[in-house]
Amino acid sequence: MAASGGSLARYIVTRLLLIIPMVFILTTIVFLLLRVAPGDPVSASLGGRLSEEALDQRRAALGLDRPMLVQYLEYLREVVTFQFGETITDNRSVIDIVKDNGGATLTLSVAAFAVALVIGLPLGLIAGRFRDTVPDLVIRIFGIITYAAPVFYWGLLFQLLFVLQLDWFPVGGSASPETIFLVEDKTHILLIDAIIAGNSEAVVDVLHHLVLPAVTLGLLLSGIFIRLVRVNMLQTLQGDYIEAARARGIKESRVMRSHAFRNALVPVITIIGLQIALLMSGAILTEATFNWPGIGNELVQYINLRDYAAVQGIITMFAVVVVLVSILIDIVNALVDPRVRY
Amino acid sequence: MARRFRSFGAGLFAPFRRTTGFGRWILAAGLVLVAAFVLVAIFAPLIAPYDFNQIRANGERFPKAAPPGGDFLLGTTSFGSYDVFSRVVWGSRTALEVVAIAVLLSLVIGVPLGVVSGFLGGWFDRVTVLLMDALYAFPSLLLAIVFSFLLSDLFGGGVTAAGVALIVIYVPQYFRVVRNTTVSAKESTYVEAARAIGAPKRTIMGKYVFGNVIQSVPVIGTLNAADAIGTLAALGFLGLGIQPNEAAEWGYDLNRALPDASAGIWWTGVFPGLAIVLLITGVTLVGEGLNETINPTLRRRKLRPFTLPPRGVATMEHGKGQVDL
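This structure is a prediction, so every number in the text was calculated from the model and none was measured. (Residues numbered from 1 in each chain as written. Chains lettered and ligands numbered in written order. Predicted model: local features only at pLDDT ≥ 70, side-chain atom pairs only at ≥ 80, totals over all residues.)

*Asks:* For this particular structure, what's the right way to read the overall build of chain B?
*Replies:* Helix and strand content of chain B: 12 helices and four strands. Residue burial in chain B is summarised as follows: out of 325 residues, 47% are buried. Pairs at least 24 residues apart make up 68% of the contacts formed inside chain B by residues separated by at least 6 positions. (Helix = DSSP H or I, 4+ residues; strand = E, 2+ residues; numbered from the N terminus. Buried ≥ 20, exposed ≤ 12 C-beta atoms within 10 Å, placed from the backbone. Contact = placed C-beta atoms within 7 Å.)

Listed below in structure tokens is the structure:
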């Protein structure tokens, strides 16, 4: 027991130490790509709109006139202190973007994850359980199509059907202007603010706006969940203990419930946790489609403004989050499953 | 020669013959869909009535946002009044070209790198693994965004930039799989035997290891191709990929179609999107079908009915010889 506790501690320390090279490599790649590239950020985003002296001033203010190595070290220092710099076009700090828009992205991601779990887990289990039957085929094709249709296409189709034809949902945004105006901003998460304010109309309004984006992003994830759960179920059903349970005459429904489903779902939990990268990619596209005021939408707008500093800061922030989350999942996984530690 | 050709043909169809039930239908449906798109891409100049960037014919400008029907099978766009059908057809050429080149190049880079890294080990292996793991951990779309954001300035065009961005995403995927298989293949008896008879490292890597690790590549390759089509479209949708004057690209068209949706102009977005869905579905079905034949944990083989030969004369199949018991 003491020995395994020791190895767990060592595993966690190793994983935590791995953060350093991972973040270092990712940030270095981002820096090299965005800074060593031809043309400088200031003239790329502001060129033609300001005089040459004004551009020089902006460059000096941003420290872009210093040697590359100095800029690089400065950038690393910013990353370590969670700063991520300022935008060129409107002098906003990236941390402010995360604070102001992170709540919307978080709301969307959590809601989409819930939608995906509700759709993906049962369908995957059923498809695996009834392999090579009509339900399996239908579910698999559904899974492939949800994966094959880009989120922005789902978004477009939903807008055509549910907004234009049926008029059930609003076109986009996270709430109607009245709600945003009335609800006091406390947590930067509109839904929670509305609940705190006890404004039931605002809560309904926010949820009303949330449905289409969450279902759009959730469908994308559900396709992946169905595939993962189905394959795991197939492999679990080949296990000796399933056969042993059947041989003992246990009812098939009970074999499924307490022997197969549970064992099929344990590894899935880890893999689902690793879908954070897919979730982020999907969230950017969903936000752009529904004009959802999240970080991804901001990123797209800064890309169109060709604001290098903003793009660099937001991408670096994403990289750090991904690395932290993946290491967190590894550690949770090691706590749950002793076989993972090495 | 004929014999050789026949065995090659048999090899090509082997995965198909080995599947049963739905696995076979999935593979067949996928192949049909993909083949249809390949044909459309090859014969695009014959199928498409207009060029992808044509806005006038016979000295007359096309109507803007015309609904489907008449001269314009699927209507015209609200941006630039292009023919939607022609852009969908030309778009299949763009998608297949870019994705095929990107996936092939990432194979050419990723597979040998994985073999060499896994086989040699040491510091080279450690550094490459760290770099590849870092790239792999990064959300692929973000990586593609960064690369095409930068490279579009460098190359002055979206096609090359998008292609390079896709290569950067997929190289680590091949690298990881191939490197890990190489590491385990390195310890196997046949590699030890090759080493024992004095085969040089290059021969072992090229002949013994490569032939064995390459088996998992077709499945990853097809699934990556499906993913790449989606990523290319996503870049186009974000306005980063291929620009409208270079080539027709479905993702870009969807981006421009988004504001149309609220105006009731549905045909500008529905058709290019449908093309994306069908092509990705086709490629994914091929990948799933292949996976089911290659992945032993998913494989199910048809058991041929077998009758025991009469006592005394056991005839072996293929007439290779008779065994007297």
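Anyway, onward from the coordinates.
*Asks:* Explain the overall build of chain A here, please?
*Replies:* From N to C terminus, chain A includes 15 helices and zero strands. Scored against the burial criterion, the 342 residues of chain A give a buried share of 41%. Considering only contacts in chain A between residues 6 or more positions apart, those separated by 24 or more positions represent 73%.

*Asks:* Whenever I open this one, the environment of V89 of chain B confuses me. Can you help?
*Replies:* Residue and element names in this part refer to chain B. In this structure, V89 sits in helix 4 (residues 84–120). Considered as a pair, V89 and P67 are 22 residues apart in the sequence and their alpha carbons are 18 Å apart. The residues touching V89, leaving out its near neighbours within four places in the chain, are V40, A44, I47 and A48.

*Asks:* Which parts of the structure should I look at to understand the interface of chain B and chain A?
*Replies:* When the parts of a complex come together, some accessible area is lost, and that lost area is often used as the size of the interface. Contacts between chain B and chain A engage 42 residues on the former and 44 residues on the latter. Elements with a minimum of two residues in the side of chain B that touches chain A: helix 2 (21–42), helix 5 (122–137), helix 6 (140–155), helix 10 (217–237), helix 11 (250–261) and helix 12 (267–294) of chain B. Broken down by element, the residue count for the side of chain B that touches chain A peaks at 10 residues, all from helix 6 of chain B. Along the lines of polarity and charge, the residues of the side of chain B that touches chain A split into 30 nonpolar, 11 polar and one charged. (Nonpolar A, V, L, I, M, F, W, Y, C, P; charged D, E, K, R; others polar.)

*Asks:* Can you help me understand the packing of helix 7 (residues 151–165) of chain A against helix 10 (residues 200–237) of chain A in this one?
*Replies:* All names here are of chain A. Running from N to C, helix 7 and helix 10 cross one another at 140°; their axes reach a closest spacing of 9 Å. As the angle between them shows, helix 7 and helix 10 are arranged oblique. Crossing angle aside, the handedness with which helix 7 passes helix 10 is right-handed. Within the contact between the two elements, helix 7 uses V151, W154, G155, F158 and F162 and helix 10 uses L212, T216, L217, L219 and L220. (Axes fitted to C-alpha atoms, helices over the stretch in contact; angles between N-to-C directions. Parallel < 35°, antiparallel > 145°, perpendicular 65-115°, else oblique. Left-handed = near helix turned anticlockwise from the far one by under 90°.)

*Asks:* Honestly, the confidence of the model for chain B in this entry has me stumped. Any pointers?
*Replies:* Reading predicted coordinates in detail is not appropriate for stretches of low pLDDT. Residues and elements named next belong to chain B. In the predicted model, chain B carries a mean pLDDT of 77, and 79% of its residues have values of at least 70. Within chain B, no element has a lower average pLDDT than strand 4 (residues 322–324), which sits at 41, and none a higher one than helix 4, at 88. Every residue in residues 313–325 scores below 50 in pLDDT, and together they form 10 contacts with partners more than four places removed in sequence or on other chains. On the interface metric, ipTM, the complex scores 0.79, and its pTM is 0.80. (pLDDT = per-residue confidence, 0-100.)

*Asks:* Even after reading the chapter, I still don't get the environment of G230 of chain B, so can you show me in this structure?
*Replies:* Among the structural elements, G230 of chain B can be located in helix 10. Residues G230 of chain B and A95 of chain B, 135 residues apart in the sequence, show an inter-C-alpha distance of 9.5 Å. Those residues in contact with G230 of chain B that sit more than four places away from it in its chain are P150 of chain A together with I280 of chain B.

*Asks:* How should I be thinking about helix 5 of chain B in this particular structure?
*Replies:* Given 3.6 residues per turn, any residue in an α-helix points the same way as the ones three and four places further on. Here helix 5 of chain B contains 16 residues, and its C-alpha end-to-end distance of 22 Å stays within 8% of the 22 Å for a straight helix at 1.5 Å per residue. Along helix 5 of chain B, the residues that are buried comprise M132, A134 and A137 of chain B. (Expected span 1.5 Å × (residues − 1).)

*Asks:* Any chance you could explain the packing of helix 10 of chain A against helix 13 (residues 276–290) of chain A here in plain terms?
*Replies:* Relative placement of two packed helices is described by the angle separating their axes and the distance separating the axes. Residues and elements named next belong to chain A. Where helix 10 meets helix 13, the closest approach of the two axes is 10 Å, and the angle between their N-to-C directions is 150°. Taken together, the axes of helix 10 and helix 13 are roughly antiparallel relative to one another. Viewed along their axes, helix 10 and helix 13 form a crossing whose handedness is right-handed. Only L278, L279, G282, A283, T286 and F290 of helix 13 make contact with helix 10, whose side of the interface consists of L212, P213, T216, L217, L220, L221 and I224. In terms of residue class, the contact of helix 10 with helix 13 is made up of 10 nonpolar, three polar and no charged.

*Asks:* What exactly am I supposed to notice about unusual backbone geometry here?
*Replies:* Most of the time, phi is negative for any residue but glycine, and the peptide bond is trans. Residues and elements named next belong to chain A. Residues other than glycine seldom take positive phi values, yet N291 does so here, at roughly 50°. Of note, N291 is situated in the loop between helix 13 and helix 14 (295–304). According to the C-beta neighbour criterion, N291 is partly exposed, with 13 such atoms within 10 Å.

*Asks:* Looking at this structure, I do not really get the environment of G282 of chain B. What am I missing?
*Replies:* Residues and elements named next belong to chain B. The topology assignment puts G282 in helix 12. Among the residues examined, G282 registers 25 C-beta atoms within 10 Å and is labelled buried. Sequence separation between G282 and R87 is 195 residues, and the spatial gap between their C-alpha atoms is 20 Å. Setting aside anything within four residues of it in sequence, one finds G282 in contact with G30, L33, V34 and F37.

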